[in-house]
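Given next are the chains, with one letter for each unit.
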Amino acid sequence: MYKHLLIVLLLFKVIPALAQDPSTENASCSTDDSPSNNEFFWFSPRVSVTVPHPIANGAFKKNFAGVYELSASFDIMVLKGAFIGAEYTYATLKVTGLTGVANFNYNPLMHINNAGFRVGAQKYLGVRNKVIFTAAVAAGMNWTNFEKLKCKDSTIAPRLSKYSTPYVKPEINIYFLVESNFAIGATLSYSLYKRKFDPAEI
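From a predicted model like this one, the values you see are computed outputs, not experimental measurements.

A.B. asks: Can you help me understand the overall build of the protein chain in this one?
C.D. replies: In terms of regular secondary structure, the protein chain is built from 1 helix and 9 strands. The linear arrangement of helices and strands in the protein chain, starting from the amino end, is β-β-β-α-β-β-β-β-β-β. In the protein chain, which comprises 202 residues, the proportion classed as buried is 42%. Residue pairs in contact within the protein chain that sit at least 24 positions apart in sequence constitute 67% of those at least 6 positions apart. Surface summary for the protein chain: the accessible area is close to 10,900 Å², and the carbon and sulfur share equals 63%.

A.B. asks: Mind showing me how you'd approach the packing of aromatic side chains here?
C.D. replies: Centre-to-centre distance and the angle between the planes together describe a pair of aromatic rings. The tally for this structure, following the rule as stated, stands at 4 aromatic pairs. Ring geometry for phenylalanine 43 and phenylalanine 74: centres 5.4 Å apart, planes at 25°, overall stacked. Residue phenylalanine 43 is located in strand β3 (residues 41-54), and its partner phenylalanine 74 is located in strand β4 (residues 64-79); the two are separated by 31 residues in the primary sequence. The partly exposed category is assigned to phenylalanine 74, whose relative accessible area is 39%. Over the face of the ring belonging to phenylalanine 83 we find arginine 46, whose NZ or CZ atom lies 5.0 Å from the ring centre. Here the basic side chain of arginine 195 rests over the ring of tyrosine 163, its NZ or CZ set 4.2 Å away from the ring centre.

A.B. asks: I'm lost on a nonpolar patch on the surface in this one. Help?
C.D. replies: The grouping of Phe74, Ile76, Val78, Leu79, Ile84, Val119, Val137 and Val168 at the surface amounts to a nonpolar patch, some 670 Å² of accessible area in total. Here the nonpolar patch gets 4 residues from one element, more than from any other, and that element is β4. Inspection of the secondary structure assignment puts isoleucine 76 in strand β4.

A.B. asks: Honestly, the nonpolar core in this entry has me stumped. Any pointers?
C.D. replies: If you look at the biggest cluster of nonpolar residues, it comprises 14 residues, and the most contacted ones within it are Phe60, Phe64, Leu93, Met110, Ile112, Phe146 and Tyr163. Elements with a contribution of two residues or more to this core: β5 (82-95), β6 (109-125) and β8 (162-179). Counting residues per element, this core draws most heavily on β5, at 3 residues. Within the second largest apolar cluster, 5 residues are counted, among which are Ile132, Tyr175, Leu177 and Ala183.

A.B. asks: Mind showing me how you'd approach the environment of leucine 160 here?
C.D. replies: By the element assignment, leucine 160 lies in the loop between β7 (131-147) and β8. On the basis of relative accessibility, which here comes to 11%, the residue leucine 160 falls in the buried class.

A.B. asks: Can you walk me through the pattern of salt bridges in this structure?
C.D. replies: Side chains bearing opposite charge may pair, as long as their charged atoms lie close to each other. By the definition in use, this model includes 6 salt bridges. Aspartate 75 is the salt-bridge partner of arginine 118, the closest N and O atoms lying 2.9 Å from each other. With arginine 118 in strand β6 and aspartate 75 in strand β4, this pair connects stretches of sequence that are 43 residues apart. Comparing arginine 118 with aspartate 75, the two get one shared label, buried.

A.B. asks: In this structure, what is going on with the side chain of asparagine 142? I would like to understand it.
C.D. replies: Topologically, asparagine 142 is positioned in strand β7. For asparagine 142, the side chain forms a polar contact with the side chain of threonine 144, separated by 3.0 Å.

A.B. asks: Just checking my understanding: could you explain the pairing of β8 for this structure?
C.D. replies: Across a regular strand the side chains alternate sides, sitting on one face of the sheet and then on the other. Pairing analysis gives 15 bridges linking β7 to β8, with the strands arranged antiparallel. Looking at β8, one finds that alanine 135 is bridged to isoleucine 172. With 10 bridges connecting them, β8 and strand β9 (residues 182-193) associate as antiparallel partners. In the strand pairing of β9, valine 168 is matched with leucine 192.

A.B. asks: Can you walk me through the pairing of β4 in this structure?
C.D. replies: Taken together, the 14 bridges between β4 and β5 define a ladder with antiparallel strand orientation. Within β5, the position partnered with serine 71 by the bridge is threonine 89. With antiparallel pairing between neighbouring strands as the criterion, β4 and β5 make up a hairpin whose turn holds 2 residues, including glycine 81 at a positive phi of roughly 95°.

About the criteria used
Residues numbered from 1 in each chain as written. Predicted model: local features only at pLDDT ≥ 70, side-chain atom pairs only at ≥ 80, totals over all residues. Heavy atoms only, no water. Helix = DSSP H or I, 4+ residues; strand = E, 2+ residues; numbered from the N terminus. Buried < 20%, exposed > 50% of the residue type's maximum accessible area, 1.4 Å probe, protein only. Contact = heavy atoms within 4.5 Å. Areas by Shrake-Rupley, 256 points an atom, 1.4 Å probe, with all protein chains shown as cover. Phe/Tyr/Trp six-rings, centres within 6.5 Å; stacked < 30°, edge-to-face > 60°. Lys NZ or Arg CZ within 6 Å of the ring centre and 35° of its normal. Patch = residues over 30% accessible without salt bridge, like charges linked within 9 Å, V, L, I, M, F, W, Y side chains within 5 Å. Salt bridge = Lys/Arg side-chain N within 4 Å of Asp/Glu carboxyl O. Core = buried A, V, L, I, M, F, W, Y, C linked by side-chain atoms within 4.5 Å. Polar contact = N/O pair within 3.5 Å; in protein donor to acceptor, adjacent residues only side chain to side chain. Pairing = 2+ DSSP bridges.

This is the structure in C-alpha cells:
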C-alpha cells in the first residue's frame, strides 16, 4: 500500500453549535466568574480555513506548496462527548522549486477534493469550561486533478491529469468559546492517501 502524508496547519476555525441538548452538566446558573455549563448539542457545523503542507514524499515536499484549504463538516452528538459526522475538504497546492526548466513557463496547480465520514469525541477544559478539546478520525475518498499541466515538448501529453484514492485523516482541535454556542480555535490534522506521488507522471 503506497501512501503519502499531508499535514494541515489551521489558521482559523469556527464552530457554531446548534440544537442544544436539553440536558447539561453543571446546570446551575452561572456568572462571568463562575464555571459555564458543559453544554452538549445535538449537532454542530464546523468550518475551517487552513494551509496544507506536504511532509512525507521527498519529491512532493520539494516541488509543491500549499495555497489554501477549505473544510466543512457536520457533526451529530450520539452520546455526551462523542459524535459522528460527515466532512468535505477542498485544497489547492502549487508547484514551486522546480529545477531544469529554464525559459519554460510552468506553474500547474493541484486541486484536492476529499469527502468522508468522521467519528470523534470532545471534552471541556479549564475551570470555567471555556475551552473545548476534540479529537476525531475521518475516512473517505479523495479526488485530485491537476490544472495547467504541460510538457516542454508540446506534442507530448502529460501522463496524468487526475486520480482518486481512499484517505484517512486523524485530527485534534482546540476551541475557545466566544458565546455558549459559538467558538473559534485551531486544528492540526494528518492525512494519509493510498497513493504514492510520482513526479514523472506530471
